[in-house]
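In case you want the letters, here they are:
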Amino acid sequence: MQEVAARRLEVSTDLERALDRGELVVMYQPFVDMTDSNPIGVEALVRWNHPRWGRVHPGDFIGVAEECGLITALGLKVLEEACTQQQAWLAEFGNEGPFSLSVNVSTRQLRDHRFVSDVWSVLSRTGLDPARLILEITESFTLDNPENAGSRLRELKQLGVRISIDDFGTGYSSLAMLQELPIDILKIDKAFVDHVADDPRRAAFARAIVRLGRTLGLELVAEGVETGAQRERLLSLGCHMAQGFFFAPALTADEVGHMLRRARMLRQTAGDRSVAAAEREAELLTLGQSLAM
Ligand code: C2E
Ligand code: MG
Ligand code: MG
């Protein structure tokens, strides 16, 4: 116990310093339309480049940040950096870039009464169109205090952002509550995706979530897709959007830029080829006409 407490203290002290020294970096995992694998957005995922421990994953420090109250500052930093980055991609790629930016928000951040005005300030400072921002919340928030949760989410929706339920199916959501809350997207937890192609029981859960989502008019994103078989099965169940190592892992901002530049280049090459093909076709037509005469 003492060791765990000492470790937590060390992490929280280091984390405070990390925020000031810029040791936190934001990575971006694309989510795609599985019908053509085109990226339709990115999810911001924070990493901590610790001077001694190397790259630390969020699972090892988000909990501590929540306990010691640093999550508000950390979350705001991630939101601001991700919105600034998304604006830069929009400036360079327009609609060829990621359309949506998804940012994780912890329950503790949402409970803070300043949260809505903080989001509004970041949107105004960065100039990002709120329609491009998705806030990912977990089921625990909606359970916490359903009435407060509902009004907080409605305030956020008034800003024009979309709300997504992360890791859906692993919490304790009351289905009736889902109907009441202004939710736009359900992210199907990896646990249901893992064996969707080889275990009929798990496939039944995924199918039920897809049906529920569609009935409620929600968008669906499958999390943690790792194989082509999972992709095919999810598509056949009616889920078209996904995220997972099968498509792309979390990438640095530079890597996303590179990926988008390459995609644009390929599209242009394909475009040039079709122009060349059209020119060749026109030539043949003229040739054919001249031969027929
Ligand atoms: P999440 O929001 O559900 O994010 C998805 C996690 O699954 C990410 O882990 C991602 O790298 C991983 N993942 C994606 N595709 C696959 C796959 O195909 N296979 C496997 N095995 N894993 C996959 P990561 O980046 O370690 O993040 C873990 C969690 O930490 C996130 O889960 C999210 O709840 C939290 N988190 C990350 N960034 C932030 C943040 O800025 N703020 C807050 N509050 N939480 C964050
Ligand atoms: Mg998430
Ligand atoms: Mg998730």
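Model, not experiment: these values are computed from the prediction.

About the thresholds
- Residues numbered from 1 in each chain as written.
- Chains lettered and ligands numbered in written order.
- Predicted model: local features only at pLDDT ≥ 70, side-chain atom pairs only at ≥ 80, totals over all residues.
- Heavy atoms only, no water.
- Helix = DSSP H or I, 4+ residues; strand = E, 2+ residues; numbered from the N terminus.
- Contact = heavy atoms within 4.5 Å.
- Near = heavy atom within 4 Å.
- Polar contact = N/O pair within 3.5 Å; in protein donor to acceptor, adjacent residues only side chain to side chain.
- Areas by Shrake-Rupley, 256 points an atom, 1.4 Å probe, with all protein chains shown as cover.
- Nonpolar A, V, L, I, M, F, W, Y, C, P; charged D, E, K, R; others polar.
- Expected span 1.5 Å × (residues − 1).
- Buried < 20%, exposed > 50% of the residue type's maximum accessible area, 1.4 Å probe, protein only.
- Pairing = 2+ DSSP bridges.
- Donors = N, O, S within 2.8 Å, 3.2 Å for Na, K, Ca; no water.
- Phe/Tyr/Trp six-rings, centres within 6.5 Å; stacked < 30°, edge-to-face > 60°.
- Arc of directions from axis to C-beta.

Chemist: I'm lost on the side chain of E23 in this one. Help?
Modeler: Relative to the assigned elements, E23 resides in the loop between α1 (2-21) and β1 (24-33). Beyond its immediate chain neighbours, meaning those up to four positions away, E23 contacts R17, A18, R47, W48, N49, H50 and P51.

Chemist: Help me out: how do you make sense of the site of ligand 1 in this one?
Modeler: Around ligand 1 sit 22 residues, and of these R47, N104, D166, E226 and F245 come closest. A distance of 2.8 Å separates an oxygen atom of ligand 1 from a polar atom in the side chain of D166. With the chains in place, 79% of the 810 Å² that ligand 1 exposes on its own is no longer accessible. Breaking the shell around ligand 1 down by element, the ones donating at least two residues are β2 (38-50) and β6 (162-168). Split into classes, the residues belonging to the shell around ligand 1 amount to seven nonpolar, seven polar and eight charged.

Chemist: I would appreciate a short explanation of α1 in the present structure.
Modeler: In an α-helix, one turn spans 3.6 residues; hence positions three or four apart end up facing the same way. With 20 residues, α1 extends 28 Å from end C-alpha to end C-alpha; this agrees with the ideal 28 Å at 1.5 Å per step. Packing partners of the buried residues in α1 comprise β1, β2, α2 (62-67) and α3 (71-93). Of the residues one or two after α1, G22 is the one with positive phi, at around 70°.

Chemist: Looking at this structure, how should I read the pairing of β2?
Modeler: Successive residues of a regular strand alternate their side chains across the two faces of the sheet. For β2, the tally of buried residues reaches ten of 13 residues, placing the bulk of the element in the interior. Two elements, β1 and β2, share ten bridges in a ladder whose sense is antiparallel. Of the residues in β2, the one forming a bridge with P30 is V42. Counting the residues that bridge the hairpin from β1 to β2 gives four residues, and of these S37 lies at a positive phi of roughly 65°. One ladder, built from four bridges, connects β2 with strand β4 (residues 100-104); its direction is parallel. Across the sheet, residue V42 finds its bridge partner in β4, namely L101. Inspection of the sheet shows β2 paired to strand β3 (residues 54-56) by three bridges, in the antiparallel sense.

Chemist: What is the right way to look at the coordination of the magnesium ion (ligand 2) in this model?
Modeler: Reference values for angles at a metal are 109.5 degrees in the four-donor tetrahedral case and 90 or 180 degrees in the six-donor octahedral case. Protein coordination at the magnesium ion (ligand 2): the donors are E43 (OE), N104 (OD1), E136 (OE) and D166 (OD), at 2.0 to 2.3 Å from the metal. Expressed as a motif, the donor residue spacing for the magnesium ion (ligand 2) is E-x60-N-x31-E-x29-D. Taken as an interatomic distance, the gap from the magnesium ion (ligand 2) to the magnesium ion (ligand 3) is 4.0 Å; D166 donates to each of them. Here N104, found in strand β4, pairs with D166, found in strand β6; they are 62 residues apart in sequence, far enough to count as distant. We classify N104 as partly exposed; its relative accessible area is 29%.

Chemist: Looking at this model, I keep getting lost on the coordination of the magnesium ion (ligand 3). Mind explaining?
Modeler: Surrounding the magnesium ion (ligand 3) are the protein donor atoms D166 (OD), D167 (OD), E223 (OE) and E223 (OE), which sit 1.9 to 2.7 Å from the metal. Here the donor residues of the magnesium ion (ligand 3) share one chain and are spaced in sequence as D-D-x55-E. With a relative accessible area of 8%, D166 lands in the buried category. Residue D167 is classed as partly exposed on the basis of its relative accessible area, which comes to 28%.

Chemist: Can you help me understand the environment of V256 in this one?
Modeler: Inspection of the secondary structure assignment puts V256 in helix α12 (residues 253-292). Taking the C-alpha atoms as reference points, V256 and Q179, 77 residues apart in sequence, are found 35 Å from one another.

Chemist: Looking at this structure, I do not really get the packing of aromatic side chains. What am I missing?
Modeler: Here a ring pair, both rings aromatic, is described through the centre-centre distance and the interplanar angle of the planes. Summed over the entire model, instances satisfying the criterion amount to five aromatic pairs. With centroids separated by 5.0 Å and ring planes inclined at 80°, the aromatic side chains of Y28 and W89 adopt a geometry described as edge-to-face. With Y28 in strand β1 and W89 in helix α3, this pair connects stretches of sequence that are 61 residues apart. The pair Y28 / W89 is uniform in exposure class, with both members buried.

Chemist: Hey, could you run me through helix α10 (residues 200-215) in this one?
Modeler: Along its 16 residues, α10 runs 22 Å from first to last C-alpha, staying within 8% of the 22 Å computed at 1.5 Å per residue. Every buried residue of α10 is accounted for by A203, A206, I209, V210 and G213. The arc enclosing the buried residues of α10, seen along the axis, measures out at 120°, which places them on a common side. Exposed residues pointing more than 90 degrees away from the buried face of α10 are listed as P200, R201, R211 and T215. Where α10 is buried, its residues meet β6, β7 (185-188), α9 (190-193), β8 (219-222) and α11 (228-237). Near the N-terminus of α10, the side chain that reaches the backbone nitrogen of R201, with its oxygen 2.9 Å away, is that of D199.

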